[in-house]
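Each chain is listed here by its residues.
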Amino acid sequence: MLLQLLTALAAVAGAACSLVAEGCGAGAVSGVLPFTAGGFIYLGTVSVIPEILRDSGPAQALLQLLALLAGVAMMLLIAHYE
C-alpha cells in the first residue's frame, strides 16, 4: 500500500512539473514530452508484453500488440501536430 501511495505521489509530482513547464515556453515542453512518452512505452513493453504473450493465444496477442503500437503512433501524432 505504501508503494501505491508513492506511485500516486510521483504521478501528481509529474503532473505538477508538466504544468510548470508549460508556462515556461515551448523549449521546456519539448523536453517533458519525450520523457513522458518514453515512460509509457517502457511500461508497455516491459510489463504488458510478457503478460500478453503468456496469457493469450497468438491472434489475441497480435491484436493487443497492434493496439500498443497504435497508442505509440497516437503519441507521435499528438507530438507532431501539437
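- The protein chain has the name Zinc transporter SLC39A7 in an unreviewed UniProt entry, where Origma solitaria is given as its organism.
- One UniProt comment on the protein chain, placed under Sequence similarities (unreviewed entry), says "Belongs to the ZIP transporter (TC 2.A.5) family. KE4/Catsup subfamily."
- On record in UniProt, under Catalytic activity (unreviewed entry), the comment for the protein chain is "Zn(2+)(in) = Zn(2+)(out)".

A look at the overall build of the protein chain
Right, so step 1: Along the backbone of the protein chain there are 3 helices and 0 strands.
Right, so step 2: Of the regular secondary structure in the protein chain, the N- to C-terminal order runs α-α-α.
Right, so step 3: Whereas a compact globule of 82 residues would reach a radius of gyration of roughly 12 Å, the protein chain reaches 16 Å, over 25% beyond that.
Right, so step 4: Here the C-alpha coordinates of the protein chain stretch approximately 45 × 40 × 10 Å along the principal axes.
Right, so step 5: The buried share of the protein chain, reckoned over its 82 residues, is 6%.
Right, so step 6: Carbon and sulfur atoms provide 77% of the accessible area of the protein chain, an area that totals close to 6,500 Å².

A few points about the UniProt feature "transmembrane region" (unreviewed entry) in the protein chain
Right, so step 1: Sequence positions flagged by UniProt for "transmembrane region" (unreviewed entry) are, in local numbering, residues 31-49 and 61-81.
Right, so step 2: When the span residues 31-49 is considered, its composition is 100% helix and 0% strand, and the gap between its end C-alpha atoms is 27 Å.
Right, so step 3: For residues 61-81, helix accounts for 100% and strand for 0%, while the C-alpha atoms at its two ends are 30 Å apart.

A short note on a nonpolar patch on the surface
Right, so step 1: A cluster of nonpolar side chains, Leu2, Leu3, Leu5, Leu6 and Leu9, forms an exposed patch at the surface whose accessible area comes to about 540 Å².
Right, so step 2: Here Leu5 is to be found in helix H1 (residues 2-22).

As for the UniProt feature "signal peptide" (unreviewed entry) in the protein chain
Right, so step 1: The feature "signal peptide" (unreviewed entry), as annotated in UniProt, sits at residues 1-17 in this numbering.
Right, so step 2: Across residues 1-17, the secondary structure splits into 94% helix and 0% strand, with the terminal C-alpha atoms separated by 24 Å.

With respect to the confidence of the model for the protein chain
In low-pLDDT regions, the fine details of the predicted coordinates are not to be read closely.
Right, so step 1: Confidence along the protein chain averages 78 in pLDDT terms, with 90% of residues attaining 70 or more.
Right, so step 2: Of all helices and strands in the protein chain, the one with the weakest mean pLDDT is helix H2 (residues 26-55) (74), whereas helix H3 (residues 58-81) scores best (83).

Some remarks on the environment of Ala37
Right, so step 1: Inspection of the secondary structure assignment puts Ala37 in helix H2.
Right, so step 2: Look at Ala37 and you get buried, because its relative accessible area is 17%.
Right, so step 3: Each C-alpha atom, one on Ala37 and one on Ala61, is 22 Å from the other, the two residues being 24 residues apart in sequence.

The rules behind these values
Position labels on residues start from 1 in each chain and follow its written sequence. The predicted nature of this model means local features are confined to residues of pLDDT at least 70 and side-chain atom pairs, given and counted, to a pLDDT of 80 or more, with totals for whole chains, interfaces and linings taken over all residues. Each side-chain value is worked out from all heavy atoms of the structure, with water and hydrogens disregarded. UniProt positions are given in the numbering used here, feature names are shortened, and annotations may be inferred rather than shown by experiment. By definition, any uninterrupted DSSP run of H or I lasting at least four residues is a helix, any uninterrupted run of E lasting at least two residues is a strand, and each is numbered from the N terminus. Restricting the calculation to C-alpha atoms gives the radius of gyration, and the globule rule supplies 2.2 Å times the number of residues raised to the power 0.38. Throughout this description, buried means an accessible area under 20% of the type-specific maximum (1.4 Å probe, protein chains only), exposed means over 50%, and partly exposed covers the range between. Each accessible area value is a Shrake-Rupley result obtained with a 1.4 Å probe; residue values ignore everything except the protein chains displayed when judging cover. Patch membership requires over 30% relative accessible area and the absence of a salt bridge. Like charges are linked within 9 Å, and nonpolar side chains (Val, Leu, Ile, Met, Phe, Trp, Tyr) within 5 Å. Any Lys or Arg side-chain nitrogen found within 4 Å of a carboxyl oxygen on Asp or Glu counts as a salt bridge. pLDDT is a residue-level measure of predictor confidence that goes from 0 to 100.

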